[in-house]
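Structure assessment
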Amino acid sequence: MQKGDRFIPNRSLMDIDRAHGLLTNRTAPFNATSSFNEAYRQKLIENLTLDSQGRPFKIMVFRGSPKSSQKPIRFVDELRQEVASIFDKDCKQTPYRCIPKGEKRVLDAPKLRNDYYANIMSWGKNNILAVALGPELYLWNSEDQRVHKLLQVPGGNDWPTSVTWSEDARTLAVGYMCSSLQLWDVESSKLIRNLEGHSGRIASTAWNGRILTSGSRDKSIINHDVRAANNLASCIKRHADEVCGLKWSTVGNRLASGGNENLLYIWEASKMSSSKFLHRLSDHCAAVKALAWCPYQYNVLASGGGLSDGCIKIWNTQKGVCINSIETKAQICGLEWNRHHKEILSGHGYSIRENQNKLCLWKYPSMTKVGELGNHKSRIINLCQSPDGITVISAGADETLRFWDVFGPPTAGNLMVSDLQGLLSFRTSLLR
Amino acid sequence: MASRSVAKDIITLRGSAAIVSEFFGYAANSILYNRGVYPEESFAKVKKYGLPMLLTQDEGVKSFISNLTAQLSEWLEAGKLQRVVLVIMSKASNEVLERWNFSIETDGEVVEKGVSREKSDKEIMREIQAIMRQIASSITYLPCLDEPFSCPHTSFGHGSSSSAGGFIVSLPLDVLFTGVFDVLAYTDTDVAVPFTWIESDPKLIANPQMVKLHSFDTKIHKVDTLVSYKNDEWDEQ
């Protein structure tokens, strides 16, 4: 035992100026309620001051990898408390907003095909939901709930396998089982154009301005310029199996494509024509159908794997690094980000263990599970969200479309990319 | 006075950086263990510095710390690291409860000219040993970090909404989760922020109590240790 273990001040470790200020300032006691000004003043001091050795410095915090596969004791207990209070009847007590237990609405969807790979619904900015039920394609107006049948494929051996509204919701792209791709003008209910190029079914499509990208069972991805006479802008043959997931990033510079061979490719828009991918990500062990770009961080992508995988993976597409991966233990058919609160919703199909036929809501970026929803009697096939970002629809193999008001209440000016700057310094914002 | 001639070893800049970053790894583990940030069962004993040191067996924490110390080592070699701070925060309120501050003074001549120094490895080890002992005994005076709702058992259910095999996530680059502990690095201003780090505020404690621990010196890097903690609220009443 050392003698003289008294506290010996060490100048280099002390903030002399601040200490002096605190000691000599008699005007007001340290007041917690003026913490905003205090914190701001402190920030200024920090930024303008040199340390006691006269060296300027900068401070960084390490965020290198997931810290633990186990939660520390205290965290678990707080989380349990948080979760327990969500299911409390009195929502006012919860630190978290109320997630509805039941659907807002259920629509019958007879003949909805039980096909994991198809993407048969799309909710346009015009508030019209386009959904393919078997060989028929319907338009449902969410404002007046009127239904209108847009098309029906005769014959019985062809049907729509992918439906996507253009960004301005003036054109509807429909991909078919027998490899045709059509553009429809919905206002006039007319077929505008047939786009050639594929030799297999088109299960995934995505718009990027005037470019329509289609992914097919023939393993290729085609970028169509819909305004040009010769529509085929580029054809990319990289995937080794059906391209079942396609999503353009929010700012439109990157494309994520998921394949049935379990690969996820990230493409740079300007470099696609040379078939040069930006990243080739092979972490999933099953088909990658569910893809969703984060609306508040333009580099971040979420992907979901099929039955043998069941993982939601969060990617930094700038570096091609997986920054988080959580096991849901169930087939993932869709992912939707909440634009109003920092969360992501996953839709599930088959599972041997948990989460079968459910929708799961995860807090972001912690990826802790906030809750589960879902009354589907069989697996969920597709998810889509409303233009106002409040409602999510799940299409199930039980031939229902269920509407969930799960993302609200809306925040004034939701967390889109333009708020990115404020979000990058996450330290002060507690977004709930 | 008869002087015992202690055999001195040559310390290079790289060697010193390795010693300091390794020290930090073990110190961080010790703090996480002693302050109960992770359950005791998740640690295993190893021999280091002539003491039984506890190291986490959790893969996530392991890789977190090893990635971290690799970066620290790089900065130490460049002579650009000024401080490393391990911050412990309340998950519920994000309030900083404890700050373990390791200040580093680097011999500029070694960095500039690539010379080496001499010091006995054993002596460095003894100095580090003294610090590790102090960290372990710090629980005698540091306030308890338990939050009001803590339960004695550590199991958490399957199927309940709290687990689903989740990670405590820290994400690189952009928006991040401030977990129960954080590691800050104070560097020279000309250091580029690596992609697994982001600029941060110092996460200070208001009106802290401070205790200075021993320091160690490799003759190239001198490390001072200080722990500051939030005033125990019960005292005020």
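What counts and how
Residues numbered from 1 in each chain as written. Chains lettered and ligands numbered in written order. Predicted model: local features only at pLDDT ≥ 70, side-chain atom pairs only at ≥ 80, totals over all residues. Heavy atoms only, no water. UniProt positions renumbered as here; feature names shortened; annotations may be inferred. Helix = DSSP H or I, 4+ residues; strand = E, 2+ residues; numbered from the N terminus. Expected span 1.5 Å × (residues − 1). Buried < 20%, exposed > 50% of the residue type's maximum accessible area, 1.4 Å probe, protein only. Phe/Tyr/Trp six-rings, centres within 6.5 Å; stacked < 30°, edge-to-face > 60°. Contact = heavy atoms within 4.5 Å. Polar contact = N/O pair within 3.5 Å; in protein donor to acceptor, adjacent residues only side chain to side chain. Pairing = 2+ DSSP bridges. Axes fitted to C-alpha atoms, helices over the stretch in contact; angles between N-to-C directions. Core = buried A, V, L, I, M, F, W, Y, C linked by side-chain atoms within 4.5 Å.

An unreviewed UniProt entry annotates chain B as HORMA domain-containing protein of Hibiscus sabdariffa. In its Sequence similarities (unreviewed entry) section, the UniProt entry covering chain B states "Belongs to the MAD2 family." According to the UniProt record, the Subcellular location (unreviewed entry) comment for chain B is "Nucleus".

Going by the annotation in an unreviewed UniProt entry, the name recorded for chain A is CDC20/Fizzy WD40 domain-containing protein, with Hibiscus sabdariffa given as the source organism.

Description of helix α1 (residues 13-34) of chain B
Residue and element names in this part refer to chain B. The end-to-end C-alpha separation of α1 is 31 Å, in line with the 32 Å expected for 22 residues at 1.5 Å each. Counted residue by residue, α1 has 17 buried out of 22 residues, so it is predominantly covered. In the segment just after α1, Gly36 is the residue with positive phi, at about 70°.

With respect to the packing of aromatic side chains
Residues and elements named next belong to chain B. Taken as a whole, this structure holds 20 aromatic pairs over all chains when the rule is applied. A centroid spacing of 5.2 Å and a plane angle of 75° characterise the contact between Tyr33 and Phe43, whose relative ring orientation is edge-to-face. With a gap of 10 residues between them, Tyr33 in helix α1 and Phe43 in strand β2 (residues 43-48) connect regions that are remote in the sequence. Using a relative accessible area of 22% as the deciding quantity, one classes Tyr33 as partly exposed.

Comments concerning the environment of Tyr350 of chain A
Relative to the elements of secondary structure, Tyr350 of chain A occurs in strand β24 (residues 343-351). Not counting residues up to four positions away in its chain, the partners in contact with Tyr350 of chain A are Asn114, Leu307, Ala330, Gln331, Gln356 and Arg379 of chain A.

A short note on the side chain of Thr328 of chain A
Residues and elements named next belong to chain A. Relative to the helices and strands, Thr328 resides in the loop between β22 (321-327) and β23 (330-338). Using a relative accessible area of 0% as the deciding quantity, one classes Thr328 as buried. Polar contacts involving the side chain of Thr328 include one to the main-chain carbonyl oxygen of Gly310, which spans 2.7 Å.

Digging into the sheet that holds β23 of chain A
Residue and element names in this part refer to chain A. The sheet built from 4 strands is open, its strands ordered β23-β24-β25-β26 with antiparallel pairing. Across the chains shown, the open sheet's two edge strands, defined by having one partner strand only, are β23 and β26 (369-373). Geometrically, the sheet is characterised by an average inter-axis angle of 20° between neighbouring strands, direction not taken into account. Here β24 pairs with strand β25 (residues 359-363) via 5 bridges, running antiparallel. Of the residues in β25, the one forming a bridge with Glu343 is Lys363.

Brief notes about the nonpolar core
All names here are of chain B. With 56 residues, the main nonpolar core has Phe23, Phe24, Leu86, Trp100, Met132, Phe181 and Phe216 as its most contacted residues. Per-element tally for this core: the top contributor is α1, with 11 residues. If we ignore the near neighbours within four places in the chain, the residues touching Phe23 are Tyr49, Phe102, Ile128, Ile131, Met132, Phe216, Val223 and Thr225.

Some words on the pairing of strand β16 (residues 254-259) of chain A
All names here are of chain A. Counted residue by residue, β16 has 6 buried out of 6 residues, so it is predominantly covered. One ladder, built from 5 bridges, connects strand β15 (residues 243-248) with β16; its direction is antiparallel. Note that in β16 the partner of Gly245 across the bridge is Gly258. Linking two consecutive strands that pair antiparallel, namely β15 and β16, is a turn of 5 residues; a positive phi of about 75° is found at Gly252 within it. Pairing between β16 and strand β17 (residues 264-268): 5 bridges, direction antiparallel. Each residue of the ladder has a partner; that of Ala256, found in β17, is Ile266. Taking the residues that link successive antiparallel strands as the turn, the β16-β17 hairpin has 4 residues, and the phi of Asn262 there is positive, at about 75°.

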